[in-house]
Structures are given as structure tokens and as C-alpha cells.
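Now for the letters of each chain:
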Amino acid sequence: AKSPLENVISLAKRRGFVFQAGEIYGGSRSAWDYGPLGVELKENIKAEWWKTFVRSREDMVGLDSSIILPRQVWQASGHVDTFTDPLVECQQCHKRHRQDHLVEAFEAKKGRAPEGMQDIVCPDCGTKGMFTEPQMFSGLMKTFLGPVDNEEGLHYMRPETAQGIFVNFLNVLGASRKKPPFGIGQIGKAFRNEITPGNFIFRTREFEQMEIEYFVPPADAQRHFDTWVEACWNWFIDLGIDPENLRRFDVPAEERAHYSDGTIDLEYKFGFGGGDGWGELMGVANRTDYDLSSHTTASGTKLQYFDQANGEHYTPYVIEPSFGLTRSMMAFLVDAYAEEEAPNAKGGTDVRTVLRLDPRLAPVKAAVLPLSKKEELQPATQALAAELRREWNIETDDSGAIGRRYRRQDEIGTPFCITVDFDTLEDQAVTVRERDTMAQERVALSQVKAYLAERLTK
Ligand code: ATP
């Protein structure tokens, strides 16, 4: 039998959420493409995030900065020197691994730290303790701009969206007339030359982040840090993540990023390797004045705030909630996936697969289904679908038994199925079936839009 995670991955491929990039050429485990349902789900997650953390808040504004920034940005930020991971190679099979990941996996399995690398078995070939000494490997993805592939043209793809925010600090401050505490939110691609991408879309070399840099007076940093950890936790719970599957991890000093004075990760129970398989979902870091100060020194431009109240310039501290968009999507899929006994048409039961996605995230909001393929049902079906499409992503489907069509919609998380039957032509009403309870209700055609509007938003 497949593990729950494997079931989610196979559903995601089969139904068009996520495809392997370049599959016709054998594919790659480091990149994935988002299919018709995946792109809708991803857009819905982004929209919810933007609404919660940017648009609905007085103290937040948005930004969309470049992926390729001047080289000096990454030198000043410390990424060129310190954005590295320890790489070891198995001398038996020559596969490369991140040393810290091997150690973490050992600890998760055995419940104790290894004595040394001699304790650890290669996950690829099973040979024990045959690893080379660790070498530091840069996670920055390089590219060359302009006509020559040399040192002069060397640039880096951003490994985090954050730096685009820091270097625009004064621009945004001036244009938006905000004052600390205030924040800048950004959603976009990030690139990391990961040594071992894998676990589906959990770790890829190209991914998307949703980040906030929140600028605060230094003395208030801890208070804002705590508030943000809670706000991030609540965002996931409000969108349906089971609190049992979420936990906080206070990252010890030696494991934190070079800029961080304190990090709390939210971890999700992804179920890697058929077990609990917890993994980092997002992190909140106290970046102090590290970034603004480094850029001030390197650029000669003072990235500070002038506090009129006491006539002082100061460098704000930064609290950074950093979400992986694609990792969040994976968590929402895993959490929503359920298989359950459900009554079938023959009076017995069978197993139905249902994605219990929050209606705000569901890629298809409703399916309009004519009871049969009969010509007479078409006009009412098409008219209703067209009306609803002005607001939402709607599917129609007329092939196969109605029960099977319901199950197809359950499997992709569609909150409502709307059936147009022969009575519709008489009573101008349709049957609306709700995904989770499977309860059915007769609703007047003229009321369907209002009925859905009330139930799809929150
Ligand atoms: P990890 O320890 O898993 O490599 P990290 O601690 O380096 O992650 P951060 O630098 O804190 O990650 O990045 C913030 C968020 O961006 C992560 O919590 C995660 O959601 C997302 N993220 C980071 N790297 C990747 C990746 N390679 N693929 C997908 N998402 C990623």
C-alpha cells in the first residue's frame, strides 16, 4: 500500500496539480510544473496571503522586486560568503548529500545524535560510514549577464526575496510615508542550488516564497517577533491546517542563518518516508539591523529612519516571516487529503477520496453537472455555468454516472456540485451537493450565485 504522502503525490499528478518538469525527457527531481488545478490552488494561496498580511493591514505595503540584483547586494548581504551548506560524498556510490540532512535523518530515526559520520548509512547505496570530509558548497545559483561568460558578467539569482526589500527600504519609506512599525510584503521566485532536492515540491531548486520584512524600533523587536509567530500559525489554522500537524521549533543558535538572532520555524507533519516526517514549513527570524546596516556600510546610503519625535536617526530591527509558497501548497494538499467510507448508489458503501480544502483555496469552486447528456439539459447548464464563471473557476462535466462525477469533484476538492435535472426545466431550481457532508439541497436558479457567494468566502 502507498503511504498517505505517496497518495497525495499521485493524485496531484493524475488530476493536474503538479507535473514533473521535462517529463518527456525523463524529468528532473529538482523542478515541477503546476498544472491547471495547481496554478489555481497556488494563486488562491497567494491571494489569501496577500489579503491577510498586506492589503488588509494599515501597517503593510507590497513590492515586486527583481530576481537578478546587482552583485554587490549579495556580497553585502553575506550570501556570497556564507550561504553555503556542508556537502559530503559517499565514496562507494559517489552520490552527494547535505551532511546536516544526513544527521537530521539519523536523529529522527534513532532518537539520538550519531557519534560521527562513521555511524551514518548512505541513503543511496546503504554503505555505512564511507563519506568524504564535508566541503562547503554555495547555494547561490549563478548566471551571466551580457555577451561574455566571464567574471564581469557573473550575477546571482536571488535565494530569498528579502534583499530586494532591504535595498528598496528608503524608496518605499519615502513613497508610502509609513513609519516603523511597518512592513513590506513580497511574493516571488527564489533559486537555490540545493545539493539534494527532493520530496516532491518540498525542496526544489526553483521555488516561490511569500516574505515579509517588518521594520520595528529595536526595543520592540521581541514583542513583534512573538506576535508574528502567532499570526503565521493562525493563518495556516484558519485556512484549515489541523493544529495536530503543526508545531513550533525554536532553532538553536548554531543552526540559524547567518543573519538571525532568533528563529522559530513552523514545522508541518508532511509524512516523509512513510512516518511522521516533520519538515520546516516556514520560519520567523529576527534579522536585527544586520541587513540594513550591511547595506548602509557597503553602499554608503544610510538605510535608517528619522524619528521626528526625538530627533534621532536609527536603524530599525527587522522581523521576517518567510513562507515557502510551494511548500505551503504541499502542506495544504497533504492536510486536505482523506479517504473515507461513503454510501454508493447501490445502497452499499465504497471508499471515496476527498480533498477537504478550505473553499477559499479550492481550485474549482463549483461544478455544474447536467444529470444526463440529453440535449434539453444543455441550455440551463451552460447558462448557469456562464453566470458563475464571471465570479469563480467553474467546471462542467457531462460524462459518466452522476455519482462518479461527484467523486471526481470530491477528489479535487470542489466544494459544491450543482446538478441540472429534468425538474430544473419545470421548477427553475437545481440540486446543490456539499462536498464534506454530501448533503443535497434544492436551490432556485436565481439564488445559486448568492448561495455560493455566502459559502465560498469567510
Ligand atoms: P531548509 O532548512 O529546508 O533548507 P531554510 O531554513 O534554508 O530551509 P529559509 O531560508 O528559512 O529556509 O527559507 C524560508 C522558506 O522558504 C522555508 O521555510 C521554505 O518554506 C522555503 N524554502 C526554502 N528553501 C526551499 C526549497 N529549496 N524549495 C522549496 N521551498 C523552500
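Definitions and limits used
Residues numbered from 1 in each chain as written. Predicted model: local features only at pLDDT ≥ 70, side-chain atom pairs only at ≥ 80, totals over all residues. Heavy atoms only, no water. Near = heavy atom within 4 Å. Polar contact = N/O pair within 3.5 Å; in protein donor to acceptor, adjacent residues only side chain to side chain. Helix = DSSP H or I, 4+ residues; strand = E, 2+ residues; numbered from the N terminus. Nonpolar A, V, L, I, M, F, W, Y, C, P; charged D, E, K, R; others polar. Pairing = 2+ DSSP bridges. Axes fitted to C-alpha atoms, helices over the stretch in contact; angles between N-to-C directions. Core = buried A, V, L, I, M, F, W, Y, C linked by side-chain atoms within 4.5 Å. Buried < 20%, exposed > 50% of the residue type's maximum accessible area, 1.4 Å probe, protein only. Contact = heavy atoms within 4.5 Å. Salt bridge = Lys/Arg side-chain N within 4 Å of Asp/Glu carboxyl O. 1 Å grid on protein atoms, 1.4 Å probe; cavity = no way out; pocket = protein on both sides within 12 Å on 5 of 7 lines; lining within 4 Å. Points joined across faces, edges and corners; volume = space filled by probe spheres on them. pLDDT = per-residue confidence, 0-100. Left-handed = near helix turned anticlockwise from the far one by under 90°.

As for the site of the ligand
The ligand sits among 14 residues. The nearest are Glu194, Arg203, Thr204, Glu280 and Leu281. In the model, an oxygen atom of the ligand is placed 2.7 Å from a nitrogen or oxygen of the arginine 203 side chain. Residue glutamine 209 places a side-chain N or O atom 3.2 Å away from an oxygen atom belonging to the ligand. With three residues, strand S13 (residues 278-288) is the single largest residue contributor to the shell around the ligand. Of the residues belonging to the shell around the ligand, the class tally is four nonpolar, four polar and six charged.

A look at the sheet that holds strand S9 (residues 182-191)
The sheet built from seven strands is open, its strands ordered S3-S9-S10-S16-S13-S12-S11 with mixed pairing. Each edge of the open sheet carries a strand with a single partner, namely strand S3 (60-62) and strand S11 (246-251). On average, each strand axis in the sheet is tilted by 25° relative to the strand beside it, whichever way the strands run. Pairing of S3 with S9 involves three bridges; the strand directions are parallel. Across the sheet, the residue bridging to methionine 60 is glycine 183, located in S9.

Description of the pairing of strand S23 (residues 440-444)
With five bridges joining them, strand S22 (residues 429-434) and S23 adopt antiparallel strand pairing. Note that in S23 the partner of arginine 433 across the bridge is glutamine 440. What sits between S22 and S23 in their antiparallel hairpin is a turn of five residues, with methionine 438 showing a positive phi close to 65°.

Observations concerning the nonpolar core
Counting residues in hydrophobic clusters, the biggest one holds 57 residues, and the most contacted among them are Trp235 and Phe236. Secondary structure elements with two or more residues in this core: helix H1 (4-14), helix H2 (36-55), strand S10 (206-216), helix H8 (221-238), strand S12 (263-269), S13, strand S16 (317-324) and helix H10 (325-336). Those residues in contact with phenylalanine 236 that sit more than four places away from it in its chain are Ile241, Leu246, Leu266, Leu281, Met282, Phe323, Ser328 and Phe332. Val430, Val448, Tyr451 and Leu456 belong to the second-largest nonpolar core, a separate cluster that totals 20 residues.

Description of the pattern of salt bridges
Taken as a whole and assessed by the stated rule, the structure comprises 32 salt bridges. Between arginine 360 and aspartate 238 there is a salt bridge, with its nearest N and O atoms 3.2 Å apart. Taken together, the residues span a long stretch of sequence, with arginine 360 in the loop between strand S18 (349-355) and strand S19 (366-370) and aspartate 238 in helix H8 at a distance of 122 residues. With a relative accessible area of 37%, aspartate 238 lands in the partly exposed category. Close ionic contact of glutamate 340 with arginine 352 constitutes a salt bridge, the shortest N to O distance being 2.7 Å. In this pair, glutamate 340 sits in strand S17 (residues 337-343) while arginine 352 sits in strand S18, placing the two residues 12 residues apart along the sequence. Among the charged side chains, a salt-bridge network with shared partners connects Glu340, Arg352, Arg356, Asp410, Arg433, Arg435 and Asp436.

Considering the environment of histidine 79
Looking at the secondary structure, you find histidine 79 in helix H4 (residues 79-82). It is 25 Å that separates the C-alpha atoms of histidine 79 and tryptophan 228, two residues lying 149 residues apart in sequence. When neighbours within four sequence positions are excluded, histidine 79 is seen to be in contact with Trp74, Leu140, Pro159, Glu160, Gln163, His258 and Arg287. There is a polar contact of 2.7 Å between the side chain of histidine 79 and the side chain of serine 77.

Structural notes on the layout of surface pockets
Here the second largest pocket is characterised by a volume of approximately 280 Å³. In this structure, the second largest pocket is lined by 13 residues; those nearest its centre are Pro343, Asn344, Ala345, Gly403 and Arg407. At four residues, the largest contribution of residues to the lining of the second largest pocket is made by helix H12 (residues 402-411). A class-by-class count of the residues in the lining of the second largest pocket yields five nonpolar, three polar and five charged.

Thoughts on the confidence of the model for the chain
Scored by pLDDT, the chain comes out at a mean of 95, with 100% of its residues at no less than 70. Across the interfaces of the predicted complex, the ipTM metric reaches 0.98, alongside a pTM of 0.95.

A short note on the sheet that holds strand S4 (residues 84-89)
Taken together, three strands build an open sheet; the order of strands is S5-S4-S6 and the sheet is antiparallel. Since the sheet does not close on itself, it has two edges, and those belong to strand S5 (96-98) and strand S6 (135-138), each with one partner. Across this sheet, the average inter-strand angle for adjacent strands is 50°, counted without regard to direction. Of the pairings in the sheet, the one linking S4 to S6 comprises four bridges and is antiparallel in character. Along S6, the bridge assignment pairs proline 86 with methionine 136.

As for the packing of H2 against H8
Packing of H2 against H8 leaves a shortest axis separation of 12 Å and a crossing angle of 140°. Regarding H2 and H8, the two cross each other, and that crossing is right-handed. Within the contact between the two elements, H2 uses Ile45, Glu48, Trp49, Thr52 and Phe53 and H8 uses Trp228, Ala231, Cys232 and Trp235. Looking at the contact of H2 with H8 residue by residue, the classes come out as seven nonpolar, one polar and one charged.

Considerations on the side chain of threonine 326
Here threonine 326 shows up in helix H10. Judged by relative accessible area, threonine 326 falls into the buried class, the value being 5%. Beyond its immediate sequence surroundings of up to four residues, threonine 326 is in contact with Tyr34, Lys42, Ile201, Phe207 and Glu208.

Description of the pairing of S18
Examined bridge by bridge, S17 and S18 share seven bridges and lie antiparallel to one another. By the bridge assignment for S18, alanine 342 is matched with aspartate 350. Where S17 folds back on S18, the antiparallel hairpin that results is connected by five residues, among which glycine 347 adopts a positive phi of roughly 90°.

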